[in-house]
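# Architecture at a glance
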Amino acid sequence: MRKVIVAFDGTHYSNGAFGLAKRLNESEKILLVGAFLPELDFSGLGYVFGGGGLYVPLQIEIDEDKVDENIQRFEDECVRNNIEFRIHKDHSPYAISKLQKESRFADLMILGSQKFYENLRLEVPNEYLRDILHDTECPVIVAPEKFDYPENVILAYDGTRSSVFAIKMFSYLFSDLCDCSTTLVYATPKHQPEMPDEDYMKELACRHFRDLTFLQLEQQEMSVFLQEISKPMLVTGAFGRSGLSNLFKRSFCTSYMSEYRYPVFIAHK
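Summarised in this report is the structure supplied together with it. Keep in mind that this is a model prediction, so the values were computed, not measured. Along each chain, the written sequence defines residue order, and numbers are assigned to residues from 1. Residue-level local features of this predicted model are given only where pLDDT is at least 70; pairs of side-chain atoms are given and counted only at 80 or more, and the full residue set underlies all totals for whole chains, interfaces and linings. The side-chain values count all of the structure's non-hydrogen atoms but skip hydrogen atoms and water molecules.

### As for the overall build of the protein
Only DSSP runs of H or I covering at least 4 residues are called helices, and only runs of E covering at least 2 are called strands; the numbering of each starts at the N terminus. Within the protein one finds 10 helices and 12 strands. By residue count, 52% of the 269 residues in the protein fall in the buried class. Should any heavy atoms of two residues lie within 4.5 Å, those residues are counted as being in contact. When contacts within the protein are restricted to residue pairs at least 6 apart in sequence, those whose partners lie at least 24 apart make up 82%. A 1.4 Å probe and the Shrake-Rupley method give the accessible areas. Residues count as covered only by the protein chains that appear here. For the protein, the accessible surface area stands at approximately 12,500 Å², while carbon and sulfur atoms represent 47% of it. Partly exposed describes any residue whose relative accessible area lies between the buried limit of under 20% and the exposed limit of over 50%, with all areas from a 1.4 Å probe on protein chains only and scaled to the type maximum.

### Overview of the packing of aromatic side chains
Aromatic contacts are taken between Phe, Tyr and Trp rings whose centres are within 6.5 Å, Trp giving its six-membered ring; a plane angle under 30 degrees counts as stacked, one over 60 as edge-to-face, and the others as tilted. The tally for this structure, following the rule as stated, stands at 12 aromatic pairs. Seen from their ring centres, Phe8 and Phe36 are 5.0 Å apart, and the 25° between their planes marks the pair as stacked. In this pair, Phe8 sits in strand β1 (residues 2–9) while Phe36 sits in strand β2 (residues 30–37), placing the two residues 28 residues apart along the sequence. Owing to a relative accessible area of 1%, Phe8 belongs among the buried residues under this scheme.

### Brief notes about the pairing of β2
Put simply, side chains in a regular strand alternate between the two faces of the sheet. β2 sits mainly inside the fold: 8 of its 8 residues count as buried. Covered by surrounding structure in β2 are Ile30, Leu32, Gly34 and Phe36 together with Leu31, Val33, Ala35 and Leu37, the residues of both alternating faces. When β1 meets β2, the two strands line up parallel, connected through 8 bridges. Looking at β2, one finds that Phe8 is bridged to Phe36. We call two strands paired when DSSP finds no fewer than two bridges between them. In this sheet, strand β5 (residues 84–89) lies alongside β2 in parallel orientation, the contact comprising 6 bridges. Bridge pairing in β5 places Phe36 opposite Lys89.

As structure tokens, this is what we get:
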């Protein structure tokens, strides 16, 4: 049994996030922790990221009735689908930090991406989500509101330990998806045209993925390639740092999540 956190922010109830948790429970029974956080308004820019951690946003909006309604809905759906569950409700200014700590004791976190992007009124909307994911101590799936359960897996590899770690963690957590058509993609940077540690990577990946293809592309070809894949899940290392930033343009992953295209599995070491 795995422990999975599904995080709901404010009055938003993510059908996509819960639907994914439901599907995971059908494959293998899970303990599902519903984390209900305050709705955060970042328009005032009253926070700082970095070594000192996350500071308190200027405003926290709480609609207790709506949050309680969402909690009841979560409980009802868990009971209806035979999912063991716990409720963690926290409206303190440190709710996000506590969520990060709780991730240390979980196997996986699911975030519904839609509300995160609706709430982020910044010129560069991936900064907040990037830092939250960077500090999370378990793998994360960012789930769009509407998507089909993956039939194709895209492993983003750039030779860093984060990208290798993400591939291993995905194979441990989603053994059922390891039977899907899988493509390990290396986007060729100018300074390193050859796939790093190719023999090692093949030895590892071929042990876990049954239908595996290795593909090497120019970086500018990545977006076209991903758009042609039906019902994919993208597996990547550190979000916006090292692995992902080396593979794609800075906003690539963010733009695709914000358009509700497909789920993204993120893990870093």
